[in-house]
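Analysis of the macromolecular model
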Amino acid sequence: MSVRTRFAPSPTGVLHLGGLRTALYNWLYARRHGGEFLLRIEDTDRQRSSPEHIRALVEALQRFGLDPDEEPLLQSSRVERHREVAHQLLESGFAYHCYCTPDELAAMREEQRARGEVPRYDGRWRDNTGPPPAGVKPVIRFRRPDTEEVVVRDWLHGDVRYLDSQLDDLVLLRADGSPTYHLSCVVDDEDMGVRQVIRGDDHLNNTPRQLQLIQALGWTAPEYCHLPLLLAPDGRKLSKRDEATDALHYLRAGYLPDAVLNYLARLGWSHGDREVFTIEELISRFGRDGLGASASRLDPDKLIWINQQHMKTAAVEVLCESLESQLESIGLNPEDGPPLEEVAEAWRERAETLAGVAEAARWAFSHEIELDEKAARKVLRPVVREPLAAVRAALAALAEWTAADIHACIAETAESLGIGFGKLGQPLRVAVTGGGVSPPIDTTLYLAGRARTLERLDVALGYIDARIAAAESAAQG
RNA sequence: GUCCCCAUCGUCUAGUGGUUAGGACACCGGCCUUUCACGCCGGCAACAGGGGUUCGAAUCCCCUUGGGGACGCCA
């Protein structure tokens, strides 16, 4: 069985997470089986589609690395072919002209609803033999075949049966000659050679109609897989207005693309007890076997955890790329500080996202630091004045500014003063970073650089002196 | 309303007639530790309800309930 999958979004907004997951599954399946993954932009709704949206969509997919194997196909470029097929259906008797006006149809549905019936086209123009009414542009409707039932064979749901009587004659070509979704979709999938249709559950009910169309055209139906929907953390439907629905939001927030993909892959698919996968591992393991049929909620905590796991093992260049933009986005200059690789290595195991790294590393890139009031009061006390002054002198005299030398220097100073390493570490940390949390103290000082370190130690010493003075005057007064 | 889909810890899930119902996130303890993390160890916690089928059901069938989707000259 040849494998050709496709992702067919309508460019009506940003790429949302559900769409990204659908794209991912299609992409993975194609990769896994040595097939092709295609991208088709369903832009036939001109009112809601725009070139910007199309570009954003293609770009978003690209940023996650889900590149299609062929040029993306714009559905709008294919209307001639769609019309051709509609007329072919007309000639073979599988379609007919319907002269109902939109108002007339609305009224018909209204009546049917009022009577408690399922709103459905009643076929009033199905077998018309008389002359067409003047002044009304007709639509072309599909004459659905009179079979008993239509069976959708689905990877996840097995055989889903639809009674033919539940389906109605759908519009193929609008009064203005433009094709509708069902027609375009079926024709394009056929012409693109798509063999596996992996899409959202919301299309399951569309499938029997498309199957009938395919049958009327004498084509071979692809395999179908209707994926369960993604739900918001609270179990409700994902709202498009929610920022967290936008796939690119996660990149902006400092998540690694592969981590987001890993998380999404595990939502609705599993492989034993494994949680963390590289893209390569996903490609070699992904398949219909592990797919689940029930809807799943987004869990921000788990995404964070997956991201941490990926941060620990990602190539440092990947980390740097994201870190650079994260630093810029909080107004810091990536050039004005230690090498990004060193920063990334120092924090890859102690931050949740690259945004977190940038924030935590702020003191290594800015010239001014803010002393955290609480930490300073707790740590920068009069008793550490002498030890701190001693390390400052030792550090100033250090021949090489490396983490190892810094470590030895601090250790020696501590020993000569008869105090523990830890007694010196925390004051140094608060003095240099302004806060009580940072990578190991030797790394921290190394990252800060000698100039910044000495400068800030002087500031801290001044702070302590002021404290001593204030305490003395309080004692005297 | 009609049709369709879904249902195991709070969440993601493993499980396909016989398991002390497993793992992961989160949460709570503890260990490690110069801070913070990482890591390690342990704990809490689930088969929606009711009927069948069977020697035996989380697993198969039916009903109920709950959640979701579709019923357009949108895609």
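Cut-offs and rules
- Residues numbered from 1 in each chain as written.
- Chains lettered and ligands numbered in written order.
- Predicted model: local features only at pLDDT ≥ 70, side-chain atom pairs only at ≥ 80, totals over all residues.
- Heavy atoms only, no water.
- Helix = DSSP H or I, 4+ residues; strand = E, 2+ residues; numbered from the N terminus.
- Buried < 20%, exposed > 50% of the residue type's maximum accessible area, 1.4 Å probe, protein only.
- Contact = heavy atoms within 4.5 Å.
- Lys, Arg positive; Asp, Glu negative; His and termini not counted.
- Charge placed at Lys NZ, Arg CZ, Asp CG, Glu CD.
- Salt bridge = Lys/Arg side-chain N within 4 Å of Asp/Glu carboxyl O.
- pLDDT = per-residue confidence, 0-100.
- Near = heavy atom within 4 Å.
- Polar contact = N/O pair within 3.5 Å; in protein donor to acceptor, adjacent residues only side chain to side chain.
- Nonpolar A, V, L, I, M, F, W, Y, C, P; charged D, E, K, R; others polar.
- Phe/Tyr/Trp six-rings, centres within 6.5 Å; stacked < 30°, edge-to-face > 60°.

Summing up its helical and strand segments, chain A has 20 helices and twelve strands in all. Taken over the C-alpha atoms alone, chain A extends approximately 110 × 50 × 35 Å along its principal axes. Put simply, chain A has 477 residues, and 48% of those count as buried. Within chain A, contacts between residues at least 6 apart in sequence are counted, and of these 75% link residues at least 24 apart. In chain A, the 56 positive side-chain charges and the 74 negative ones have mean positions that sit 5 Å from each other.

By the secondary structure assignment, R429 is in helix α18 (residues 421–433). Summary of buried charges: R429 has no salt-bridge partner, and the nearest side chain of opposite charge, D442, is 7.8 Å away. If sequence neighbours within four positions are ignored, R429 has contacts with G434, G435, G436, V437, S438, P439, P440, I441 and T444.

This part is about the confidence of the model for chain A. Parts of the model with low pLDDT should not have their predicted coordinates read in detail. Overall, the predicted model of chain A reaches an average pLDDT of 93, with 100% of residues at or above 70. Listed scores for the predicted complex are pTM 0.94 and ipTM 0.95.

Among the 63 residues in the neighbourhood of RNA strand B, the closest are listed as R174, K237, E349, R350 and S438. Counting only the atoms of RNA strand B within 4 Å of the protein, the fraction contributed by sugar and phosphate is 72%. One of the backbone N or O atoms of S438 is found 2.5 Å from a base nitrogen in RNA strand B. At five residues, the largest contribution of residues to the surface near RNA strand B is made by helix α10 (residues 300–313). Here the residues of the surface near RNA strand B are counted per class, giving 21 nonpolar, 21 polar and 21 charged.

Okay, the environment of H97 next. Along the chain, the position of H97 falls in strand β4 (residues 95–98). Distance from H97 to V139, taken between C-alpha atoms, is 5.7 Å for residues 42 residues apart in sequence. Leave out the neighbours within four places in its chain, and H97 touches L90, W125, P138, V139 and I140.

All right, on to the side chain of H310 then. Following the sequence through the fold, H310 ends up in helix α10. Not counting residues within four places of it along the chain, the set of residues in contact with H310 comprises L256, D258, A259, N262, V276 and F277.

Time to look at the packing of aromatic side chains. This structure, assessed with the given rule, holds seven aromatic pairs. Geometrically, the ring pair formed by Y29 and W155 is tilted, given 4.9 Å between the ring centres and 50° between the ring planes. Taken together, the residues span a long stretch of sequence, with Y29 in helix α1 (residues 17–32) and W155 in the loop between β6 (149–154) and β7 (158–163) at a distance of 126 residues. With relative accessibility at 14%, the residue W155 sits in the buried group. Seen in terms of ring centroids, W269 and F286 are 5.5 Å apart; in terms of plane orientation they differ by 40°. Their pairing is tilted. Of this pair, W269 sits in the loop between α8 (257–266) and α9 (279–285) while F286 sits in the loop between α9 and β12 (296–297), and the two are 17 residues apart along the sequence.

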